[in-house]
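Listed here are the chains, written in short residue letters.
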Amino acid sequence: MRREIVFTFNNMNEALTFMEMVTSKIKSKEILIRYDTGNGIRVWVSIQGEPPHEVSLYSMEIRKIYNDIKLMRGKSGVYTYDISIILNKARLSAAIPIDLVIDILHMKGINAEMEGSKIRIVGSTTLEELVGIAEELSRVYGEMIDMEISAQAKRVIAIYSLLTGKGIKDSIKDLLEQGLLSRYGDTELLVLSMDYKHALLRLQELIE
């Protein structure tokens, strides 16, 4: 069984992101991709194989990827980004809590929320900006990987470091002085001195 689907795109970045996602998510020698920019930007995806239901499943997954790309164009000022697209494009050196991206956007005054596997943003934040945030978070988390820091404290340190441009050691020093961090008992473990929600409010005051 063979099936060919044609997709159209507004720009080459969309087309490249689509092709990257298809080749990343679908590992099959039975899928061929070609594109043409002569009369608009079009991408042909040819699927061949047996049994037929396998071809249908591939087709459904590819159409889902295309729909996720279209959502990034924005509608009524709302832009939607599938998390898998962000993580696929980002070069991550360490695992990150993806919802931390939302907290950072809020700190920047951007209206954003996470709905299932998607990030919805009111405003013109681009995919490249989100990928950049994810990569910076990964770099910071990589630096903290062997340090004695609680999970919640790591979140606060990462936000502060990213938004101030300070290194991890200087960020920890500042946050200790400001009372957001403390040592747990007689140990070297760094923990939050307050609940996470109040720590974010204090961070906002410090950064502003």
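Note that the structure is predicted; figures quoted are calculated from it, not measured.

Caption draft 1: Spotlight on the pattern of salt bridges. This structure, assessed with the given rule, holds 19 salt bridges. The closest approach of N and O atoms between D68 and K118, which form a salt bridge, is 2.7 Å. Placement of D68 in helix α2 (residues 52-71) and of K118 in strand β6 (residues 118-122) is noted, with a sequence separation of 50 residues between them. With a closest N to O distance of 3.1 Å, R155 and D103 form a salt bridge. Linking R155 in helix α6 (residues 151-164) with D103 in helix α4 (residues 100-107), this pair joins segments that are 52 residues apart in sequence. Here R155 and D103 have matching classes, each one buried. Each of K64, D68, D82 and K118 takes part in salt bridges that share partners, so that together they form one network.

Caption draft 2: The arrangement of the nonpolar core in detail. Ranked by size, the top nonpolar core spans 64 residues in total, and within it F9, F18, I62 and L203 carry the most contacts. Residue contributions to this core peak at 9 residues, all from helix α5 (residues 127-144). Sequence-distant contacts of L203, that is, excluding residues within four places in its chain, are made with M107, V156, I159, Y160, L175 and L180.

Caption draft 3: Representation of the environment of A15. Note that A15 resides in helix α1 (residues 12-25). The sequence separation of A15 and Y35 amounts to 20 residues, and the corresponding C-alpha distance is 8.4 Å. Sequence-distant contacts of A15, defined by excluding residues within four places in its chain, comprise F9, I41 and V43.

Caption draft 4: Structural detail: the packing of aromatic side chains. In total, this model carries 5 aromatic pairs according to the counting rule given. Their ring planes at 45° and their centres at 5.1 Å tell us that F9 and F18 sit as a pair that is tilted. By relative accessible area, F9 is classed as buried at 6%. Given the relative accessible area of 0%, F18 is considered buried. Note that R34 overlies the ring of W44, its terminal NZ or CZ placed 4.4 Å from the centroid.

Caption draft 5: Layout of the side chain of D82. Structurally, D82 can be placed in strand β4 (residues 78-82). A distance of 2.9 Å separates a polar atom in the side chain of D82 from a polar atom in the side chain of K118. With sequence-adjacent residues up to four places away left out, D82 is seen in contact with K64, D68, S117 and K118.

Caption draft 6: Representation of the sheet that holds strand β3 (residues 41-48) within the structure. Here 3 strands make up an open sheet; going across it, the order is β1-β3-β2 and the pairing antiparallel. What marks the edges here is a single partner per strand, and that holds for β1 (2-9) and β2 (31-36). Strand-to-strand twist across the sheet, computed as the mean angle between neighbouring axes with direction ignored, equals 15°. By the bridge criterion, 6 bridges tie β2 to β3 in an arrangement that is antiparallel. Counted as the bridge partner of D36 is R42 from β3. Along the sheet, α1 makes contact with β1, β2 and β3, crossing β3 at roughly 15°.

Reading the values: the criteria
Residues numbered from 1 in each chain as written. Predicted model: local features only at pLDDT ≥ 70, side-chain atom pairs only at ≥ 80, totals over all residues. Heavy atoms only, no water. Salt bridge = Lys/Arg side-chain N within 4 Å of Asp/Glu carboxyl O. Helix = DSSP H or I, 4+ residues; strand = E, 2+ residues; numbered from the N terminus. Buried < 20%, exposed > 50% of the residue type's maximum accessible area, 1.4 Å probe, protein only. Core = buried A, V, L, I, M, F, W, Y, C linked by side-chain atoms within 4.5 Å. Contact = heavy atoms within 4.5 Å. Phe/Tyr/Trp six-rings, centres within 6.5 Å; stacked < 30°, edge-to-face > 60°. Lys NZ or Arg CZ within 6 Å of the ring centre and 35° of its normal. Polar contact = N/O pair within 3.5 Å; in protein donor to acceptor, adjacent residues only side chain to side chain. Pairing = 2+ DSSP bridges. Axes fitted to C-alpha atoms, helices over the stretch in contact; angles between N-to-C directions.

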